[in-house]
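Residue strings, one per chain:
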Amino acid sequence: MNEVMEKIERYQVPKKENLWQKTANLRTSILYLSPAIVLFSVFVFYPMFKTVYLSFFLTDARGNAALFVGLENYLYLFDSTSFKKSMKATWLFALYTVPSIVLISFFLALLANEKLRGIGFFRTIFTSTMGMSVAASAVIWLFLFHPTVGVLNTLLGYLGIRPIPWLLDSKWALVSIAITTIWMNIGFSFLIILGGLQNISQDLYESARIDGAGYFYQLFRITIPLLSPTLFFILIITFINSFQSFGQVDILTKGGPAEATNLIVYAIYQDAFINYQFGTASARAVILFFMVLGLTLLQFKFLEKKVHYQ
Amino acid sequence: MNTGRTTLIYALLFISALILFFPILYAVSVSFMDGKDVFNRALLPSSFSFDNYKKVFSSVPLLHYLKNSFVVSSLVTIGQLTVASLAAYVFAFIPFKGRDFLFIVVLATLMIPWEATMISNFLTVQHLGWVNSYRALTIPFFASAFGIFLLRQHFKSIPYELYEAAQIEGLTRFQIFYRVVLPYSRMSLVTLGIYSFLTTWNMYLWPLLVTTNDSVRTIQIGLKQLQTVEVATEWGVVMAGVVVAILPTLILIFISQKQLQKGLTQGALK
């Protein structure tokens with residue numbers, strides 16, 4: 001018996017990994033991650049750098065950098081009334097849409113969080129606009145806003161409201177696009193906020209009810225504080241989405257009237273793909289990037305704070 | 001619960017649902033109207049006919065666009081699921097030096113809006129000769145940081161003992177991925193799949209840029225085309241096109257509302 005053990009010990013391979021075995025994890029990881037790494041490099045990081053690069057150049061009609069002009073493209077933009085108009089429209093649009101989307105979705109989620117018979121039906125209806133594409137939504141609203149056959153003014157007429165020049169007037173045009181956008185975005189926000197509501201533990205409400213707390217006390221002392229991370233998440237996402245709006249502008253107004261709805265992405269599109277000004281279009285794109293970056297950093301700051309509190 | 005409160009909530013639910021769903025209901029209603037009804041701003045069609053649907057399929061190649069949308073959305077869904085699940089598997093289970101850094105790099109892509117890179121991406125795609133091909137509409141979207149993040153969160157909820165047990169059983173890394181992790185996370189894969197399909201189906205700006213003829217044009221661009229061709233005279237036909245375009249995604253939402261809500265909120269908020 002002892003002899004056998006000795007033999008085994010003698011033949012046992014020393015338990016020391018060589019380099020090949022040591023890097024096994026690394027090799028598998030690189031292999032599995034490579035599709036993502038390659039795709040992100042080609043379609044996210046490279047084009048981001050290229051866009052920054054192009055923003056310092058004048059380009060030919062095919063998008064090749066032709067002449068280095070430094071910050072000229074940016075200075076040109078900051079000086080142009082058209083750019084100022086576009087920026088003003090972009091921020092005003094965010095102001096019109098973001099608070100409305102969050103508030104309406106929150107309201108709908110509160111309603112749909114009640115435990116009632118048939119509530120599933122309402123939840124599905126409230127989520128439905130998430131399935132609506134921007135093209136389909138914009139075409140439907142184009143019809144609703146139509147000055148002669150549009151039914152919206154007719155319906156408002158029943159409420160005693162005079163006909164509104166929806167897409168024809170430069171002030172109302174931005175409102176019209178905002179209404180379309182609010183409607184389209186409610187589905188997704190509703191879904192996320194409802195999910196957040198359902199994650200709140202029922203025990204809290206139970207004990208509040210035992211203490212005799214009313215609906216609004218529960219709403220402001222339990223629901224809103226505990227839901228605030230979700231609400232903040234939706235706020236930022238909606239904000240970023242509003243900066244990225246394009247399809248509704250393209251179908252409803254084409255940036256008009258008088259450039260009143262020339263939101264930043266539509267301006268990029270026109271600069272690059274209609275006027276072939278890839279340099280200034282890239283400068284606009286870089287500005288968009290920084291706007292979104294600012295919002296994302298705000299989101300991270302908030303998350304950090306949340307971690308501190310816990 | 002007292003009845004007064006219940007009645008009030010039901011009333012609010014009904015009114016909200018009616019207002020929110022009105023544009024969709026009305027689009028369906030208009031799709032059955034003739035020109036006279038549209039002109040009179042009727043709410044319901046005076047007679048019921050499928051003429052508009054017949055017309056819309058003959059005035060633009062709508063079936064062809066639908067097919068394109070199905071192909072593109074399915075390919076992107078499969079691509080995203082494959083790329084994201086492989087990456088998420090590494091981020092959840094296989095430790096190596098520099099993994100956390102790579103994960104931050106992936107998350108950093110969330111800060112770069114697609115619209116900020118579209119000019120360069122368009123030039124790339126043009127340079128590769130991909131314009132008017134499925135490649136341009138699908139490959140750039142195969143990697144999704146959101147998808148990787150969502151799946152990683154779900155993979156991390158798999159007990160690590162299960163992973164170790166599979167290792168002791170002698171399963172290779174790929175076998176563990178394929179036979180343990182993926183089946184265990186079926187629900188989150190379905191959620192991501194539905195979400196990818198929806199967002200791809202509804203994509204507008206990119207297909208507008210990279211399709212210059214009918215060959216791979218998607219239904220969304222078909223709608224824009226329809227609206228410019230038919231507008232002013234034939235709103236019924238345009239609405240028939242809209243209904244055809246929204247039907248697949250609406251059905252998907254109706255089937256999967258619960259699933260999406262659970263899957264997305266877990267990924268987005270945890």
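Throughout what follows, the structure given in this document is the object of discussion. No experiment lies behind these values; they were computed from the predicted model shown.

Digging into the overall build of chain A
Of the regular secondary structure elements, chain A holds 14 helices and two strands. Computed over its C-alpha atoms, the radius of gyration of chain A comes to 28 Å, more than 25% above the 19 Å expected for a compact globule of 310 residues. Per-residue burial for chain A yields a buried fraction of 53% across its 310 residues. In chain A, once contacts between residues fewer than 6 apart in sequence are set aside, the share between residues at least 24 apart is 67%. Approximately 15900 Å² of chain A is accessible, and the part contributed by carbon and sulfur atoms is 65%.

With respect to the environment of B:Arg217
All names here are of chain B. Mapped onto the elements, Arg217 comes out in the loop between helix 12 (205–210) and helix 13 (219–230). The exposure class of Arg217 is buried, given its relative accessible area of 11%. Arg217 has contacts with Tyr65, Asn68, Thr211, Thr212, Gly222 and Gln225, leaving out every residue within four places of it along the chain. A distance of 3.2 Å separates polar atoms of two side chains, one belonging to Arg217 and the other to Asp214.

Topic: the packing of helix 13 (residues 264–274) of chain A against helix 6 (residues 114–127) of chain B
The description of two packed helices rests on the angle between their axes and on the distance between the axes. In contact at an axis separation of 10 Å, helix 13 of chain A and helix 6 of chain B are set at 15 degrees when each is read in the N-to-C sense. It follows from the interaxial angle that helix 13 of chain A and helix 6 of chain B lie roughly parallel. In the crossing of helix 13 of chain A with helix 6 of chain B, the sense of the turn from one axis to the other is right-handed. Each of A:Val265, A:Ile268, A:Tyr269, A:Ala272 and A:Phe273 in helix 13 of chain A lies in contact with helix 6 of chain B, whose residues at this interface are B:Glu115, B:Met118, B:Ile119 and B:Phe122. Residue composition of the contact of helix 13 of chain A with helix 6 of chain B, by class: eight nonpolar, no polar and one charged.

Some words on helix 10 (residues 202–210) of chain A
The N-capping residue of helix 10 of chain A, defined by a side-chain oxygen 3.2 Å from the backbone nitrogen of A:Asp203, is A:Ser201. Once helix 10 of chain A finishes, A:Gly212 follows within two positions and takes phi at roughly 80 degrees, a positive value.

Structural notes on the side chain of A:Ser282
Examined against the element boundaries, A:Ser282 turns out to sit in helix 14 (residues 278–309). A relative accessible area of 0% places A:Ser282 in the buried class. With near-sequence residues (within four places) excluded, A:Ser282 lies in contact with A:Thr51, A:Leu54, A:Ser55 and B:Ile119.

Thoughts on the interface of chain A and chain B
Counting residues at the interface gives 93 residues for chain A and 88 residues for chain B. Buried surface at the junction of chain A and chain B, summed over both partners, amounts to about 8100 Å²; 78% is from carbon and sulfur atoms. On the chain A side of the contact with chain B, A:Tyr32, A:Phe43 and A:Phe143 bury the most area, a combined 10% of that side's loss. At the boundary of chain A and chain B, one finds two salt bridges. With its nearest N and O atoms 2.7 Å apart, the salt bridge here joins B:Lys224 to A:Asp250. Applying the counting rule to chain A against chain B returns 17 residue pairs in polar contact (both at pLDDT 80 or more). Looking at the side of chain A that touches chain B element by element, the count peaks at 22 residues for helix 3 (residues 24–54) of chain A.

Focus: unusual backbone geometry
Leaving glycine out, the prevailing phi sign among residues is negative, and the prevailing peptide bond configuration is trans. Of note in the backbone geometry, A:Glu259 takes a positive phi value of approximately 60 degrees without being a glycine. Looking at where A:Glu259 falls in the secondary structure, it is placed in the loop between helix 12 (247–252) and helix 13. The class of A:Glu259 is partly exposed, set by a relative accessible area of 34%. Of note in the backbone geometry, B:Arg41 takes a positive phi value of approximately 55 degrees without being a glycine.

So, the side chain of A:Ser242
All names here are of chain A. For Ser242, the location among the structural elements is in helix 11 (residues 215–243). Its relative accessible area of 3% is what places Ser242 among the buried residues. Apart from residues lying up to four places away in sequence, Ser242 is in contact with Phe93, Ala94, Thr97 and Val98.

Some details on the pairing of strand 2 (residues 65–68) of chain A
Of the strand pairs in this sheet, strand 1 (residues 57–59) of chain A and strand 2 of chain A are connected by three bridges, and their pairing is antiparallel. Considered in strand 2 of chain A, the bridge of A:Phe57 is made with A:Phe68.

Remarks on a nonpolar patch on the surface
A cluster of nonpolar side chains, namely A:Tyr215, A:Phe216 and A:Phe220, defines an oily patch on the protein surface of about 360 Å² accessible area. Examined against the element boundaries, A:Phe220 turns out to sit in helix 11.

Quick word on the pattern of salt bridges
All names here are of chain B. One pass over the full model with this rule turns up eight salt bridges over all chains. The salt bridge involving Lys55 is made with Glu234; its shortest N-O contact spans 3.1 Å. Here the residue Lys55 occupies a position in helix 3 (residues 51–59), and Glu234 occupies one in the loop between helix 13 and helix 14 (235–269), the gap between them amounting to 179 residues. A residue is classified by how much of its surface remains accessible, and Lys55, at 41% relative accessible area, is partly exposed. Assessed through its relative accessible area of 25%, Glu234 is described here as partly exposed.

Details of the packing of aromatic side chains
By the definition in use, this model includes 53 aromatic pairs over all chains. Counting every residue linked through ring pairs, the aromatic cluster contains A:Tyr32, B:Tyr89, B:Phe93, B:Tyr160, B:Tyr163, B:Phe174, B:Phe177 and B:Tyr178.

Rules used throughout
- Residues numbered from 1 in each chain as written.
- Chains lettered and ligands numbered in written order.
- Predicted model: local features only at pLDDT ≥ 70, side-chain atom pairs only at ≥ 80, totals over all residues.
- Heavy atoms only, no water.
- Helix = DSSP H or I, 4+ residues; strand = E, 2+ residues; numbered from the N terminus.
- Rg over C-alpha atoms; globule rule 2.2 N^0.38 Å.
- Buried < 20%, exposed > 50% of the residue type's maximum accessible area, 1.4 Å probe, protein only.
- Contact = heavy atoms within 4.5 Å.
- Areas by Shrake-Rupley, 256 points an atom, 1.4 Å probe, with all protein chains shown as cover.
- Polar contact = N/O pair within 3.5 Å; in protein donor to acceptor, adjacent residues only side chain to side chain.
- Axes fitted to C-alpha atoms, helices over the stretch in contact; angles between N-to-C directions.
- Parallel < 35°, antiparallel > 145°, perpendicular 65-115°, else oblique.
- Left-handed = near helix turned anticlockwise from the far one by under 90°.
- Nonpolar A, V, L, I, M, F, W, Y, C, P; charged D, E, K, R; others polar.
- Buried area = accessible area lost by both parts, 1.4 Å probe.
- Salt bridge = Lys/Arg side-chain N within 4 Å of Asp/Glu carboxyl O.
- Pairing = 2+ DSSP bridges.
- Patch = residues over 30% accessible without salt bridge, like charges linked within 9 Å, V, L, I, M, F, W, Y side chains within 5 Å.
- Phe/Tyr/Trp six-rings, centres within 6.5 Å; stacked < 30°, edge-to-face > 60°.

In short, shape yes, function no, at least from these values alone.
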